[in-house]
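Here's the letter readout for the chains.
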Amino acid sequence: MEKINRRQFISQFGLATAAMCVSPRFAFAKPLASDKKIRLGVVGGNFGLGFFFHEHPNCIVEAVSDLDTQRRNKLMEVYQCKKSYESLEKLLRDPKVEAVALFTPAPDHVRHTIQCLEAGKHVLCAVPAAMNEEECHQLFEAVKRSGLTYMMAETTTYREETMMAQEFYRAGKFGNIFSSAAQYYHPGLETLYFDDNKKPTWRHGLPPMLYPTHVTSFLIAVTGERLVSVACNGWGDGSPLLNNNPYGNPFWNETALFRTDKGNSFMGEVCWRGALVGVERGQWHGDKMSYYSEYKGLGSHQVVSSEMQGKDEGGFVVDEPEMHFVEMKPFWKTGLPGKISHISGHGNSHCFITHEFISSLVENRKPGVDVHEALAYTIPGIIAHKSAMHDGELLKIQVFD
């Protein structure tokens, strides 16, 4: 690992890299002792095509479903499944299906999850968990009432950058994390506002902070903190593209300052428009070490406290911490069962999501992102958007623990 000071770091922007060997974050990332098979239904032929259930040795894709015939056929092709249904309702009547992977539009997540639970099926659901406070309560009560497994498929929890951050955290490398931040930038999202027939989709005018989990999970998945209050500011430009959206949302971008239950600060930003590079990125600031995940040309790096000092441009004495570029270890190659080890979207997270859901069912345990974690990721954004709509009012956030 090459050590460089602050000035060298700036001058060598992105050119120095060094390997760092870190053991996998997840103890579950190993073959299972059991040969039990989970019979799964996969619902939703867009995002739902990106997982590896059919390659997991403890899973059989029993059936697939999508309202669209072409997407339904693609699901059958990808998951090598011969059984399909025209709707979720029909799939839920299949007694062989034990669990359902839901990749349906976000406004349908709570309704569809409750339908699955009431039909006696375990659920893996895409993000976000819910769209408003009432739905958060409905989901929480439904999961508790059912006694079944619910997992949210949050990709950031299983990104390689997040795995490395948690390794550092567990090893005490950060010392005390006093603040952290995360950004989810998706400029150009308005291309998804309307379908090919110019009909509005569920994304039309979607408030950025109603899709917060790619931000909040960067902190919560590492430290386990809960976000307990927020003040949020929104930005819009009066674009007619936002007119008559179902959310009554005037904002393209939202920036939130959260307080955690440990009294620490967390800044989260979700942006749909601007001179921005599309990214999902986290940073963690500790009194011993800070860590910054990769950002489109600037590799992941550490800043480590040291005894060295220098002088700034004004001649004042400043600390000169050591800075290390970190080359990400390919966690996806390590220890996963069968053929599911793949390079995939969202920081190679999809193979880990596949395995965590299936293994939690086989081992009869809570998944990593159970309903408590899912709501901890989701409700802070709901309250943040409410704050933005109330001119940045400081608001409390309920914790579902």
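The shown structure was predicted, so the numbers you read here are calculated from the model rather than taken from an experiment.

Caption draft 1: A look at unusual backbone geometry. Note the cis peptide between Val 127 and Pro 128, where omega equals -10°. With respect to the helices, strands and loops of the structure, Pro 128 is situated in the loop between strand S5 (122-125) and helix H5 (133-146). Of note, the phi angle at Lys 198 is positive, near 70°, even though the residue is not glycine. Considering the arrangement of structural elements, one finds Lys 198 in the loop between strand S7 (177-185) and helix H7 (213-223). Residue class for Lys 198 comes out exposed when judged on its relative accessible area of 68%.

Caption draft 2: The arrangement of the nonpolar core in detail. In terms of nonpolar packing, the biggest core is built from 106 residues, with Val 42, Phe 53, Val 100, Leu 124, Tyr 150 and Trp 272 touching the most fellow members. The greatest single-element share of this core, amounting to 10 residues, is contributed by helix H10 (residues 371-389). Residues contacting Val 100, with those up to four places away along its chain left out, are Leu 40, Gly 41, Val 43, Leu 88, Leu 91, Leu 92, Cys 116, Lys 121, His 122, Val 123, Leu 124 and Phe 357.

Caption draft 3: Layout of the sheet that holds strand S3 (residues 84-85). A sheet is described by the order of its strands in space; here 6 strands give the open sequence S3-S2-S1-S4-S5-S6, paired in parallel fashion. Edge strands, defined here as strands with exactly one partner in the open sheet, are S3 and strand S6 (150-152). In terms of strand pairing, strand S2 (residues 59-65) meets S3 through 2 bridges, oriented parallel. Bridge pairing links Ser 65 to Tyr 85 in S3.

Criteria and cut-off values
- Residues numbered from 1 in each chain as written.
- Predicted model: local features only at pLDDT ≥ 70, side-chain atom pairs only at ≥ 80, totals over all residues.
- Heavy atoms only, no water.
- Helix = DSSP H or I, 4+ residues; strand = E, 2+ residues; numbered from the N terminus.
- Buried < 20%, exposed > 50% of the residue type's maximum accessible area, 1.4 Å probe, protein only.
- Core = buried A, V, L, I, M, F, W, Y, C linked by side-chain atoms within 4.5 Å.
- Contact = heavy atoms within 4.5 Å.
- Pairing = 2+ DSSP bridges.

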